[in-house]
Amino acid sequence: MHTTRYAPSGMVCSVDHLASGAGLSMLERGGSAADAAIAANAVLSVVAPHMCGLGGDLFALVHDGEVTALNASGRAGSGADPARLRAEGHTRMPHQHDIRSVPVPGCVDGWAALHARHGRLPLAELLAPAVRLAREGFPASPLMLTGAANAARRPGGGDFASVRAAGDRVTRPGVARALEAVAAGGRDGFYLGEFGQGLVELGAGEYTEDDLAAPAADWVEPLKVRAFGHDVWSMPPNSQGYLLLMSLAIADRLELPPSPRHAAWAHLLAEAARAAGHDRLDVLHEDAKELLDPAEIARRRALIDPLSRVRLGGPAQRDGDTTYLCAVDGDGMGVSLIQSNASGFGSMVFEPRTGINLHNRGIGFSLKPGHPAEYGPRRRPPHTLTPALITRPDGTLRTVAGTMGGDAQPQILLQVITRLLRHGEDPGQAISAPRWRLGTGGTGFDTWEAPDAAVVDLEEGTTWSDGLAALGHRVAALPYGGSFGHAHLIDVRPDGMLAGAADPRSLVGAAIGR
């Protein structure tokens, strides 16, 4: 469901109406945008395990007079051993069904840090709607069906055995207990309680109790660029947020056609995305620096030919599921929060005591010896998660925005933000418009293995196919839907009114204001 609402004092947008409703209820009780975001995310951790959950990671941008950034992405356990994986014949991290692709989940640490700095209501109150849904049940969404049967066959996946059709009741008693443990004991109630004990046992040496005792959330310095007359903000490494910002900075000085319907519009933005990202596998790691050097942005912009697709090169080495939500409160605080399993249902490994499915964000690690992103103890993997926040030149909040979509997240946001800022489209138009993405036909996390071989996937309804082919692109047609992301945004008008849109591709999403 796609909705646009205007509200003077608060709004929440998410992939599920139950989550948006929970967030709005916190705003109505006097909570902050951070409270609303936590409540909405907690509900999503129950009702959308095919996208996110307590077993995943979290990033957030917050505008509260200034922009701050929260990195709650987990670290590999102390037992991480890349040599062992290589000896077993692996050349890349296992994608699913292997605990070694599961860093310690950072979601709950993210909630704790966000609440400590920006919360107004008690944490137990924020989590209560999610606890109720986990105990009493909720209707299975249409998007859950694809992976639910496989999840039900995995050890610990019994919560999904009842799912046969959209609307079937699902209960998750173990998740309810885990949420209650957080409500009662904060992050230690989760990481040092039933879930943490089960994870250590399941890891069989991958994790120690000290790994779970160490908080995973850090407040870090956000990145920004000036584009289309605004400052656009995203996360620093280990996030790939720099790709969105570099793409926008490149596009800002290109001669874009006046209408996004023109094939040259898609061509120039796709080339900006390729110029920004073709070497991502080589340069992105948790300690990466100077990825937005103005001279380097200018060099990459100069590679783009407005009349032809060009060969950029890239590393010769090597459908994600994530959920994005945003909230703005009556005092002007905005939160752009993204939370993820990586793949659908993550690793398809379940912590057996609570039934929480664990993410597989470890797939971002490299197994190349000496690589700066090599899998290893207490390291954070490169991440696809790319929240965005936009401010006006005077520093006031303009927009919170984000999307799911694996490697394509920066490409999707590049299109949405360009439509919003460059072409003046309203949120509903910018979110619902057909999209392109750079595709490989693979997992959704392998775009940059061979960037010059990437096909431009076109969503049903685009007008770009013939024009892109004439410019040298290989194109492929795909149905309109979630393979092109679930983007949501809230736009803050100069008069304080809010306009929001939840992506129609999510089927049950909602933008709700008061």
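Use the structure listed above.
Since this is a predicted model, take the numbers as computed values, not measurements.

Enquirer: Hey, could you run me through the sheet that holds strand β17 (residues 455-459) in this one?
Expert: One key point about sheets: their strands pair by backbone hydrogen bonds, in either a parallel or an antiparallel sense. Spatially, 3 strands are ordered β16-β17-β18 in an open sheet, and the strand pairing comes out mixed. Sheet topology places β16 (436-439) and β18 (475-478) at the edges, where each strand pairs with a single neighbour. Pairwise comparison of adjacent strand axes, ignoring direction, gives a mean angle of 35° for this sheet. Where β16 lies against β17, 4 bridges are found, and the strand directions are antiparallel. Among the inter-strand pairings, Leu-438 is bridged to a residue of β17, identified as Val-456.

Enquirer: When you look at the nonpolar core in this model, what are you seeing that I'm missing?
Expert: The nonpolar side chains of soluble globular proteins are, as a tendency, buried together. Judged by nonpolar contacts, the single largest core of 75 residues is most densely connected at Val-46, Leu-54, Trp-111, Met-144 and Phe-190. When residues in this core are grouped by element, the largest group, 12 residues, is from helix α2 (residues 33-47). In this structure, Phe-228, Leu-243, Ala-251 and Leu-292 belong to the second largest nonpolar core, which totals 49 residues.

Enquirer: Is there a simple way to explain the environment of Asp-287 in this structure?
Expert: Tracing the backbone shows Asp-287 in the loop between α12 (280-283) and α13 (294-302). Along the backbone, Asp-287 and Pro-237 are 50 residues apart, and their C-alpha atoms lie at a distance of 6.8 Å.

Enquirer: Whenever I open this one, the environment of Val-400 confuses me. Can you help?
Expert: Looking at where Val-400 falls in the secondary structure, it is placed in strand β15 (residues 397-403). Separated by 78 residues in the primary sequence, Val-400 and Thr-322 place their C-alpha atoms 17 Å from one another. Residues contacting Val-400, with those up to four places away along its chain left out, are Tyr-324, Cys-326, Val-328, Gly-334, Val-335, Ser-336, Ala-388, Leu-389, His-488, Leu-489 and Ile-490.

Enquirer: Please explain the packing of helix α10 (residues 241-252) against helix α14 (residues 409-421) as it appears in this structure.
Expert: The description of two helices packed together rests on the angle between their axes and the distance between the axes. Close contact between α10 and α14 brings their axes to 9 Å; oriented N to C, the two are set at 45°. By the criterion of interaxial angle, the relationship of α10 to α14 is oblique. For the crossing formed where α10 meets α14, the hand is right-handed. Where α10 abuts α14, its residues Leu-243, Leu-244, Ser-247, Leu-248 and Ala-251 lie against Pro-410, Leu-413, Leu-414, Ile-417 and Thr-418. Classifying every residue of the contact of α10 with α14 by side-chain character gives 8 nonpolar, 2 polar and no charged.

Enquirer: Teacher, can you tell me more about the pairing of strand β4 (residues 67-72) here?
Expert: Counting buried positions over the 6 residues of β4 gives 6, a clear majority of the element. Side-chain alternation along β4 places Val-67, Ala-69 and Asn-71 on one buried face and Thr-68, Leu-70 and Ala-72 on a second face that is also buried. As paired elements, strand β3 (residues 57-63) and β4 share 6 bridges and run antiparallel to each other. Each residue of the ladder has a partner; that of Val-62, found in β4, is Thr-68. In this antiparallel pair of consecutive strands, β3 and β4, the connection spans 3 residues, and Gly-65 shows a positive phi of 95°. Pairing of β4 with strand β7 (residues 218-220) involves 3 bridges; the strand directions are antiparallel. Looking across to β7, one finds that Ala-69 is bridged to Val-220.

What counts, and at which threshold
- Residues numbered from 1 in each chain as written.
- Predicted model: local features only at pLDDT ≥ 70, side-chain atom pairs only at ≥ 80, totals over all residues.
- Heavy atoms only, no water.
- Pairing = 2+ DSSP bridges.
- Helix = DSSP H or I, 4+ residues; strand = E, 2+ residues; numbered from the N terminus.
- Axes fitted to C-alpha atoms, helices over the stretch in contact; angles between N-to-C directions.
- Core = buried A, V, L, I, M, F, W, Y, C linked by side-chain atoms within 4.5 Å.
- Buried < 20%, exposed > 50% of the residue type's maximum accessible area, 1.4 Å probe, protein only.
- Contact = heavy atoms within 4.5 Å.
- Parallel < 35°, antiparallel > 145°, perpendicular 65-115°, else oblique.
- Left-handed = near helix turned anticlockwise from the far one by under 90°.
- Nonpolar A, V, L, I, M, F, W, Y, C, P; charged D, E, K, R; others polar.

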